Amino acid sequence: MEKMPYQPHLEPSLPPASVQPPATISSDWRTGLPALAGNLVTLREMRASDAPALFAALSSEQVSKFISPPPATVEGFGRFISWAIRQRQSGQYVCFAVVPHGSDTAVGIFQVRSLEPAFGTAEWGFALASECWGTGIFVDGAEMIVDFAFEVLGVHRLEARAALKNGRGNGALRKLGAVQEGVLRRSFLRNGEYLDQALWTILEDDWLQAKTVWGSRVIH
């Protein structure tokens, strides 16, 4: 079994949610990810050509402080992209590139991986270039990826883990509506130190009720 080479964290800085028009969501995602259109960004399938941009966006110390080490080279990101596509085809994992409107350059990723058969329980996370923090890009993408998880992947329980030292990341999860269920003691090894992590969850029923405030997303 292949090991996931890159596990991003939950990015800080969450502005208020924005309103989107309702739309019907459907996708045969195993044969290819749809494009999710938000107010500020589009989430689309990663491409081999995204490797240089993702390496530049996610390799800084500021971005990688609370995540597992990202690939150390452009070639490593290329291998990660190929791995992610294979995992999507097998029905175990999806990973979207984050692309601001008016550009075709990826500035980060959102991912969801299955923790049990058929995505009943899944884990999500993301990494975003530091220059995008506080711009509204996170919440725009986060609402779309969580909506995709529940409405398309069929997730019932969506989990996230964030190092307790990552105060901004934990704050972002809280503002999104996630519930902290506990602390996973010394569960994350980073730079030779075992860190405690908070376990956050969003349940399908809670999300669908909250979604009536801002509507559904458009899939092309």
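In case you missed it, the structure is sitting above this.
Presented here is a report on the structure given in the accompanying data block.

Cut-offs used in this document
Residue numbering note: each chain is counted from 1, following its sequence as written. Residue-level local features of this predicted model are given only where pLDDT is at least 70; pairs of side-chain atoms are given and counted only at 80 or more, and the full residue set underlies all totals for whole chains, interfaces and linings. Hydrogens and water are ignored here; the side-chain numbers use all heavy atoms of the structure. Side-chain rings of Phe, Tyr and Trp (the six-membered ring for Trp) are treated as a pair once their centres are within 6.5 Å; stacked means planes under 30 degrees apart, edge-to-face means over 60, and tilted covers the remaining angles. Where helices and strands are cited, they refer to DSSP runs of H or I of at least four residues and of E of at least two residues respectively, numbered from the N terminus. Think of it in three bands: residues with accessible area under 20% of the maximum for their type are buried, residues over 50% are exposed, and the middle band is partly exposed, with areas taken using a 1.4 Å probe on protein chains only. Two strands are counted as paired when DSSP detects at least two bridges linking them. For helices, the fitted axis covers only the stretch in contact; all axes are lines through C-alpha atoms, and the angles between them, taken along N-to-C directions, range from 0 to 180 degrees. Orientation categories follow fixed angle ranges, with anything under 35 degrees roughly parallel, anything over 145 roughly antiparallel, 65 to 115 roughly perpendicular, and all other angles oblique. What makes a crossing left-handed is the near helix being turned counterclockwise from the far one by less than a right angle; a clockwise turn instead makes it right-handed. By definition in these notes, contact holds between two residues if any of their heavy atoms fall within 4.5 Å. Throughout, the ten residues Ala, Val, Leu, Ile, Met, Phe, Trp, Tyr, Cys and Pro are labelled nonpolar, Asp, Glu, Lys and Arg are labelled charged, and all others, Gly among them, are labelled polar. Call a crossover right-handed when, viewed with both strands pointing away from you, the route from the first strand across the helix to the second goes clockwise.

Here we look at the packing of aromatic side chains
- As enumerated under the stated definition, the model contains nine aromatic pairs in all.
- Ring geometry for Phe-110 versus Trp-124: centroids 6.5 Å apart, planes at 5°, classification stacked. Of this pair, Phe-110 sits in strand S4 (residues 108-114) while Trp-124 sits in strand S5 (residues 121-128), and the two are 14 residues apart along the sequence. Exposure class is identical for Phe-110 and Trp-124. Each is buried.

Concerning the environment of Lys-211
- Within the secondary structure layout, Lys-211 lies in helix H6 (residues 204-211).
- For the pair Lys-211 and Asp-147, spaced 64 residues apart in sequence, the C-alpha to C-alpha distance is 8.4 Å.

Thoughts on unusual backbone geometry
- At Phe-119, a residue that is not glycine, the phi angle is positive and equals roughly 60°.
- Counting through the fold element by element, Phe-119 comes out in the loop between S4 and S5.
- Residue Asn-191 is not a glycine yet carries a positive backbone phi of 55°.

Here's the deal with the environment of Gly-78
- As for its position among the elements, Gly-78 is in helix H3 (residues 74-89).
- Residues Gly-78 and Arg-47, 31 residues apart in the sequence, show an inter-C-alpha distance of 8.6 Å.

A closer look at the pairing of S4
- For S4, a buried count of six out of seven residues is recorded, marking the element as mostly surrounded by other parts of the structure.
- Direction of pairing for S4 relative to S5: antiparallel, over a ladder of seven bridges. Note that in S5 the partner of Gly-108 across the bridge is Leu-128.
- Where S4 hands over to S5, the hairpin turn is made up of six residues, of which Ala-118 adopts a positive phi near 65°.

Looking at the packing of helix H4 (residues 137-153) against H6
- Here H4 crosses H6 at 125°, and the two axes come no closer than 11 Å. Taken together, the axes of H4 and H6 lie oblique to each other. As H4 runs across H6, the sense of the crossing is left-handed. Facing Glu-143, Val-146, Asp-147, Phe-150 and Glu-151 of H4, the residues of H6 in contact are Glu-204, Trp-207, Leu-208 and Lys-211.
- Class assignment for the residues of the contact of H4 with H6 results in four nonpolar, no polar and five charged.

Comments concerning the pairing of S5
- For S5, the tally of buried residues reaches eight of eight residues, placing the bulk of the element in the interior.
- Along S5, one buried face is formed by Thr-121, Glu-123, Gly-125 and Ala-127 and the opposite face, lined by Ala-122, Trp-124, Phe-126 and Leu-128, is buried too.
- Pairing geometry for S5 and strand S6 (residues 157-163), over three bridges, is parallel. Directly across from Thr-121, in S6, lies its bridge partner Arg-157.
- Each parallel crossover has a hand, and for S5 linked through H4 to S6 it is right-handed.

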